[in-house]
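Here is what each chain is made of, one letter per residue.
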Amino acid sequence: MTQAKARGPYTKTPARRAEIVRAARESFAEHGFTKASLRDIAERAGITHAGLLHHFRNKDDLLAAVLAERDIEERLYAESRVPDMDHLAPYLGDMLRHHQEAPELMRLWIELAAAASRPEHPAHGYFAERYAWGRDQFARGMRGKAVRGELHPALAPDEAATLLQAVLNGLQLQWLLDQDLDIVGPIRAFMRVALPLAAEPEGGP
């Protein structure tokens, strides 16, 4: 009975991998990436250390999976909260507040993104695609605003999208250095400057 149970975790199923990623996310958030151990993650997931290594080669692979899962969650949440660009500013404020609840994950994202700027880094492709996708999504919305005359005349849609992404990233980095800093107000102020004629969503702040 014991041996059969021990072999179970070696089966590569989506459910098992999801359990490991959940455990890794908890461990990273509690201990930080450097101090979190694979043995702690395996224990949280209810498998052996060897069983964990059957699914993920190392802690870097686990971190990439945790961040990818976080990214997917945010995309799905955004799709449910942002039917059009008029709802983007309130959503971005909520997103930043959500990130502030897990500063270690925010820190890990920034650190890994910087490291992945090197072409030889294993996560380079993921981050390049992720940032390109984000810019494309923002740019599509900005083009619609430009057509309606709501985008600031000094900004081209693609420029506004790139600046928005830079502001989001920069605000989070500044907050990690000074956690008394307000970063929700500035992102909403940026949106008001970029889209001075955009309508506020009903019930929005």
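Just above sits the structure.
So, here's what we can say about the structure. (Residues numbered from 1 in each chain as written. Predicted model: local features only at pLDDT ≥ 70, side-chain atom pairs only at ≥ 80, totals over all residues. Heavy atoms only, no water.)

The next subject is the packing of helix 2 (residues 14–31) against helix 7 (residues 103–115). Relative to each other, helix 2 and helix 7 sit at 100°, their axes nearing to 7 Å. Judged by the inter-axis angle, helix 2 sits roughly perpendicular to helix 7. Contacts from Arg25, Phe28 and Ala29 in helix 2 reach Glu104, Leu105 and Leu108 in helix 7. For the contact of helix 2 with helix 7, the class distribution of residues is four nonpolar, no polar and two charged. (Axes fitted to C-alpha atoms, helices over the stretch in contact; angles between N-to-C directions. Helix = DSSP H or I, 4+ residues; strand = E, 2+ residues; numbered from the N terminus. Parallel < 35°, antiparallel > 145°, perpendicular 65-115°, else oblique. Contact = heavy atoms within 4.5 Å. Nonpolar A, V, L, I, M, F, W, Y, C, P; charged D, E, K, R; others polar.)

Tallying each qualifying case throughout the model produces 18 salt bridges. Where Glu73 meets Arg25, a salt bridge forms, and the shortest distance between an N and an O atom there is 3.0 Å. Separated by 48 residues along the polypeptide, Glu73 in helix 5 (residues 59–81) and Arg25 in helix 2 bring together distant segments of the chain. With a relative accessible area of 38%, Glu73 lands in the partly exposed category. Relative accessible area serves as the criterion here: at 18%, Arg25 is assigned to the buried category. Its salt-bridge partner being Glu150, residue Lys145 comes within 2.7 Å of it at the nearest N-O pair. The buried category is assigned to Lys145, whose relative accessible area is 1%. On the basis of relative accessible area, Glu150 is assigned to the buried category, the value being 16%. When salt bridges that share partners are traced, they join Arg22, Glu26, Glu30, Asp40 and Arg44 into one network. (Salt bridge = Lys/Arg side-chain N within 4 Å of Asp/Glu carboxyl O. Buried < 20%, exposed > 50% of the residue type's maximum accessible area, 1.4 Å probe, protein only.)

Inspection of the secondary structure assignment puts Pro90 in helix 6 (residues 88–100). Sequence-wise, Pro90 and Ile187 are 97 residues apart; in three dimensions their C-alpha atoms are separated by 9.4 Å.

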